[in-house]
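# A look at the structure
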Amino acid sequence: DQDYYGMGGRSARWTIAMTVGIVYGTLSPPINLLCFINFAICRTVYGYLFIFAERKKADLGGVFWVKQLEHLLIALVIYAILMTGVLLQRSDSWWPGTIAAGALVYSIAAVNQFSGAYAWENIPYEDIMQDKGQHEYREEPGVYVQPEMQPGT
């Protein structure tokens with residue numbers, strides 16, 4: 001089932017686990033330990049699966065990585081909302097909540113900047129041509145073939 005076991009579903013589950021660790025780790029520190037144990041086990045298990053048990057899949061050029069970063073930035077917005085509410089509720093003064101609200105404004109601005117500031121999917125042609133003039137290119141003789149793809153190996 002690609003929806004659950006595929007690269008996209010797997011990266012979404014990892015992002016959700018990290019979000020839980022970030023958001024609730026401050027309020028309940030054992031969550032940080034459980035999150036660390038979870039990721040250590042995942043690193044071990046999926047490190048084996050990627051190499052020995054799964055077929056090689058096409059690289060999508062970082063689509064899942066960028067989506068994970070976007071979702072983690074949104075998790076930081078959720079975290080700032082949570083901390084603002086906790087500080088306003090538990091503090092005798094409204095100053096700590098106001099300071100946390102400033103972090104909320106910054107994190108929302110960071111999400112907006114990240115979403116629109118980087119041209120990672122489509123690079124403008126002018127940038128490609130400008131970059132081409134700054135570098136020296138040389139032709140490599142022969143054809144490179146990965147050692148794993150050699151016949152008889």
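For the structure itself, consult the block above.
It should be emphasised that the depicted structure is a prediction, and the values quoted were computed from it without experimental measurement.

This part takes up the overall build of the protein chain. The secondary structure content of the protein chain amounts to six helices and zero strands. Reading the helices (α) and strands (β) of the protein chain from amino to carboxyl end gives α-α-α-α-α-α. Computed over the C-alpha atoms, the radius of gyration of the protein chain is 22 Å, more than 25% above the 15 Å expected from 2.2 N^0.38 for a compact globule of 153 residues. Counting only C-alpha atoms, the protein chain reaches 75 × 45 × 25 Å along its principal axes. Each of the 153 residues in the protein chain was classed as buried or not, and the buried ones make up 19%. In the protein chain, the share of contacts with a sequence separation of at least 24, taken over all contacts with a separation of at least 6, comes to 65%. For the protein chain, the computed accessible surface area is about 12300 Å², with 63% contributed by carbon and sulfur atoms. Each charge class in the protein chain was averaged separately, 10 positive and 14 negative side chains, and the resulting centres sit 10 Å apart.

Bringing helix α5 (residues 95-117) into the picture now. The end-to-end C-alpha distance of α5 is 33 Å, a good match for the 33 Å that 23 residues give at a rise of 1.5 Å each. The set of residues buried in α5 consists of G97, A100, L104, S107, A110 and V111. Residues of α5 that are buried in the fold lie against α4 (63-90).

The next point concerns the packing of aromatic side chains. Counted according to the given criterion, the structure contains four aromatic pairs. Geometrically, the ring pair formed by W94 and W95 is stacked, given 4.5 Å between the ring centres and 20° between the ring planes. By relative accessible area, W95 is classed as exposed at 53%. By the ring-pair criterion, three or more aromatic residues cluster together here, those being W14, Y46 and F50.

Glancing now at the nonpolar core. Counting five residues, the largest nonpolar core consists of L73, V77, A80, L104 and V111. For this core, the secondary structure elements donating two or more residues are α4 and α5. Ranked by residue count, the leading element in this core is α4, at three residues. Setting aside its immediate chain neighbours within four residues, A80 contacts A103, L104 and S107.

Looking now at a nonpolar patch on the surface. Where nonpolar side chains cluster on the molecular surface, the patch consists of L33, L34, F36, I37, I41 and V45 and spans about 610 Å² of accessible area. Residue position: I41 is located in helix α3 (residues 30-53).

What counts and how
Starting afresh in each chain, residues are numbered from 1 along the sequence in its written order. At least 70 in pLDDT is required for a residue's local features to be given in this predicted model, at least 80 for side-chain atom pairs to be given and counted, and no such filter applies to totals for whole chains, interfaces and linings, which use all residues. Excluding hydrogens and water, the side-chain figures rest on all heavy atoms present in the structure. Helix numbers and strand numbers start at the N terminus; a helix is a DSSP run of H or I with at least 4 residues, a strand a run of E with at least 2. What the globule rule says is 2.2 Å times the number of residues to the power 0.38, and the radius of gyration is computed from C-alpha atoms. Whether a residue is buried, partly exposed or exposed follows from its accessible area with a 1.4 Å probe, protein chains only, as a fraction of its type maximum: under 20%, in between, or over 50%, in that order. For this analysis, residues touch if any pair of their heavy atoms sits within 4.5 Å. Residue exposure ignores everything except the shown protein chains as possible cover, and the areas themselves are Shrake-Rupley values with a 1.4 Å probe. This count recognises Lys and Arg as positive and Asp and Glu as negative, with His and chain-terminal groups excluded. Taken as the charge location is NZ of Lys, CZ of Arg, CG of Asp or CD of Glu. Residue count minus one, scaled by 1.5 Å, sets the expected span of a helix. Two aromatic rings, drawn from Phe, Tyr or Trp (for Trp, its six-membered ring), form a pair once their centres lie within 6.5 Å of each other, and the interplanar angle then sorts them: stacked below 30 degrees, edge-to-face above 60, tilted otherwise. Buried residues of nine kinds, namely Ala, Val, Leu, Ile, Met, Phe, Trp, Tyr and Cys, make up a nonpolar core once their side-chain atoms join them within 4.5 Å. Patches were defined on residues exceeding 30% relative accessible area and lacking a salt bridge, with like-charge contacts within 9 Å and nonpolar side-chain contacts (Val, Leu, Ile, Met, Phe, Trp, Tyr) within 5 Å. Just to be clear on terms, a salt bridge is a Lys or Arg side-chain nitrogen sitting within 4 Å of an Asp or Glu carboxyl oxygen.

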